[in-house]
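Close look at the chain arrangement
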Amino acid sequence: THPALIQLLNERKITTNLAQKYCKEVYYSLNGKHYFAIAFPNDNGGYETLNPYFKGCIPPKEITTFDRKTATVNLFEGFMDYLSLLTLQAKQADISAVVLNSVNNLDKAIPFLSKHTKINAFLDNDEAGKQALEKLQKLNLPVADISKRYADFKDVNDYLCGKKLLLFQKKQTIETEKPMPKIGKRFRR
């Protein structure tokens, strides 16, 4: 109900009704300061939090699973990407899903992912997302790289919002992936 949170949802093109179905509005204090946020629950009693100024976690940090007993599972890095897919395709709510709440939690998700015959990976189009996808592929899990469908966007939410990656961002990614040239004698001092 907080106007700043509603505005944040509007900017992200997520309806309030959808957010209320999966999230809570929390108010908390830290070091004597008061905060408010959209809070997405994880499987261990913690919350991923988001407000206009800060993205964080109310511990413990953990994955969020939705076991809908389907052969397919959808995999996301963050909860806004999950809500974005549900905005784009409401029927995806019937499919099992895992929200990592950080790519660092990928190992925690492997047992759940392994129960499925197909993993649709809606990971970010950045280095961390690519590394997570490679890890799943190396484990021979039945993973489909869905990020190719929104290759011009950082993630599913940016796709929903129409926020394309800027040309210089793509160029920087390409340049950072190239090996550094060897410095010859003529460049030595």
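Reading the values: the criteria
- Residues numbered from 1 in each chain as written.
- Predicted model: local features only at pLDDT ≥ 70, side-chain atom pairs only at ≥ 80, totals over all residues.
- Heavy atoms only, no water.
- Pairing = 2+ DSSP bridges.
- Helix = DSSP H or I, 4+ residues; strand = E, 2+ residues; numbered from the N terminus.
- Axes fitted to C-alpha atoms, helices over the stretch in contact; angles between N-to-C directions.
- Contact = heavy atoms within 4.5 Å.

1. Side note on the sheet that holds strand β4 (residues 55-58)
Spatially, the four strands line up as an open sheet ordered β1-β2-β3-β4, and their pairing is antiparallel. Lying at the two open borders of the sheet, with one neighbouring strand each, are β1 (24-30) and β4. The average undirected angle you get between the axes of adjacent strands in this sheet is 40 degrees. As paired strands, strand β2 (residues 33-41) and strand β3 (residues 47-50) are joined by four bridges and run antiparallel to one another. Within β3, the residue paired with Ile38 across the bridge is Leu50.

2. Regarding the sheet that holds strand β8 (residues 118-122)
With respect to topology, five strands assemble into an open sheet ordered β5-β7-β6-β8-β9, the strand pairing being mixed. Of all the strands in the sheet, the pair left with one neighbour each is β5 (64-66) and β9 (143-145). Pairwise comparison of adjacent strand axes, ignoring direction, gives a mean angle of 20 degrees for this sheet. By the bridge criterion, three bridges tie β8 to β9 in an arrangement that is parallel. The partner of Ile119 across the bridge, within β9, is Val143. Each of β5, β6 (72-76), β7 (96-99) and β8 touches helix α3 (residues 79-88); the most contacted strand, β6, lies at about 130 degrees to it. Running over the sheet, helix α5 (residues 127-138) touches β6, β8 and β9 and is turned about 150 degrees from β9.

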